[in-house]
Amino acid sequence: MVFKEDYSLKPYNTFGIDVNARYYLELTTTEQIQEFVNRHFPEYDNIVILGEGSNILFTRDYDGIVLRLNNKGIQLVRENKDHFYLKANAGEVWDDLVNYCIGHQYAGLENLSLIPGLVGASPMQNIGAYGVELKDHFEELEAINLENGQIELFNKSDCVFGYRDSVFKKDKKGKYIILSVTFRLDKLPVFKTKYGVIEQELKEMGVLSLSIEKVNEAVCRIRRKKLPDPKYLGNAGSFFKNPVVTRDIYEELINIFPGLVAFRQANDSYKLAAAWLVEQCGWKGKRIGNTGVYEHQSLVLVNHGSATGQQILELSMKIQETVHNKFGIHLEREINVI
Ligand SMILES: Cc1cc2nc3c(=O)[nH]c(=O)nc-3n(C[C@H](O)[C@H](O)[C@H](O)COP(=O)(O)OP(=O)(O)OC[C@H]3O[C@@H](n4cnc5c(N)ncnc54)[C@H](O)[C@@H]3O)c2cc1C
């Protein structure tokens, strides 16, 4: 257990924002977390759960408790003819879990490598990349109810997963601490290589026969080329979600903007590429003071040095405004603002 007062969160958020937590607490076992909740639940509004801070923008000092879970552990809980069921505690690093699966030939998460963060945060926004989402391999999770200290089990439908969304970002926002997640992994891999440039990357790598390792390597190579490493340039990945619109709106837009980048969804709606919308408004690579838009990916807002969270938030609002003025589309934030 680690406890600090008036503690800088700069090393604990990938934007590198220098704010202080009134109290900072790190807990390493489920028992410690339960004990903490039982003592504090009357004032749970004053608690922020922190993973690796890769999907958070701190805009002010936090006058409460910042709780970081460090409960580690990965365990094979059962298997059947087709699947392995693997339970990972919330404090495991997501990419370590992906590598563990690859090492054991448990298939399914190989497209989700190099996503920063901890396992406990992964269901929050149903993390996804390159045609795979967490929900595709999710079995269940355990979470502690901050209102009464009880541990509850959530199955897939309880979590109401959507595109970068779950019940934990909506009705149950701030009401649960996710303690562990159980994944359903395939014994026989079903490779997803159609999305983005995976096939092209595999070709460049000279891969003739697919394996979990090779698909994973292709994804890692693509990500390293495309995304800034927060160690060198503060960022939180995609700042905005890709907006989903009706067919009517899509048709209206494509008539005016023939270059519009959009993907048809199963229910006849269209997902617009938010990066394209932002780029068309002239933001790509633009810098305002210490804040900016990444030169290779306009969905990524960056901290060029000592930007404050408030300055990054202001930049994001300017972007939202210009996109709305040009396209009539509201860009929803993907990241959590505190
Ligand atoms: C370079 C970069 C690339 C990225 N690429 C992707 C990508 O491809 N796909 C994608 O989906 N995301 C991506 N992200 C976003 C981010 O990595 C994910 O959202 C990740 O799951 C956040 O994990 P975290 O541990 O850092 O969570 P944090 O940022 O610490 O927290 C995120 C939210 O979850 C809550 N939370 C955290 N842990 C718990 C818990 N145990 N119980 C309850 N609530 C909790 C926090 O309070 C907060 O609201 C990227 C980020 C970066 C910096």
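Computed from a predicted structure; not experimentally measured. (Residues numbered from 1 in each chain as written. Predicted model: local features only at pLDDT ≥ 70, side-chain atom pairs only at ≥ 80, totals over all residues.)

Attention now moves to the domain arrangement of the chain. Once the domains are mapped, the chain shows domain 1 (2–69), domain 2 (74–186) and domain 3 (234–337). The distance between the C-alpha centroids of domain 2 and domain 3 comes to 27 Å. (Domains from an automatic or database assignment.)

A few words on the nonpolar core. L57, A143, I144, I177, I178, A274 and V278 are the most contacted members of the largest nonpolar core, which totals 88 residues. The element contributing the most residues to this core is strand β12 (residues 176–186), with seven residues. Beyond its immediate chain neighbours, meaning those up to four positions away, A143 contacts E152, F154, Y176, I177, I178 and L179. (Core = buried A, V, L, I, M, F, W, Y, C linked by C-beta atoms within 7 Å. Buried ≥ 20, exposed ≤ 12 C-beta atoms within 10 Å, placed from the backbone. Helix = DSSP H or I, 4+ residues; strand = E, 2+ residues; numbered from the N terminus. Contact = placed C-beta atoms within 7 Å.)

A few words on the site of the ligand. If you check the shell around the ligand, you find 33 residues, and the closest are G51, G117, G120, A121 and G237. Counting residues per element, the ones that place at least two in the shell around the ligand are β3 (47–50), β8 (128–129), β12 and β13 (234–238). Across the shell around the ligand, the residue classes tally to 19 nonpolar, 13 polar and one charged. (Near = placed C-beta within 6 Å. Nonpolar A, V, L, I, M, F, W, Y, C, P; charged D, E, K, R; others polar.)

Now for the sheet that holds strand β15 (residues 262–264). Taken in spatial order, the three strands line up as β14-β16-β15 in an open sheet, and their pairing is antiparallel. Since the sheet does not close on itself, it has two edges, and those belong to β14 (244–245) and β15, each with one partner. Sheet topology places β14 next to strand β16 (residues 270–272); two bridges connect them, and they run antiparallel. The residue of β16 that forms the bridge with V244 is K271. (Pairing = 2+ DSSP bridges.)

So, about helix α2 (residues 94–104). For α2, every residue scored as buried is listed here: W94, L97, V98 and C101. The arc that holds the buried residues of α2, viewed along the axis, is 100°, so those residues lie on one side. The secondary structure elements touched by the buried residues of α2 are β6 (74–79), β7 (83–89) and β12. A positive backbone phi angle near 60° is found at Q105, which sits one or two residues after α2. (Arc of directions from axis to C-beta.)

Right, let's talk about the sheet that holds β13 for a bit. Read from one edge of the open sheet, four strands run β13-β19-β18-β17, paired in antiparallel fashion. With partners counted over all chains shown, the strands left at the sheet margins are β13 and β17 (287–288), one partner each. Across two bridges, β17 lies against strand β18 (residues 291–293) in antiparallel orientation. The partner of R287 across the bridge, within β18, is G292. Contacting β17, β18 and β19 (300–303), helix α8 (residues 309–327) runs over the sheet at an angle of about 150° to β19. (Axes fitted to C-alpha atoms, helices over the stretch in contact; angles between N-to-C directions.)

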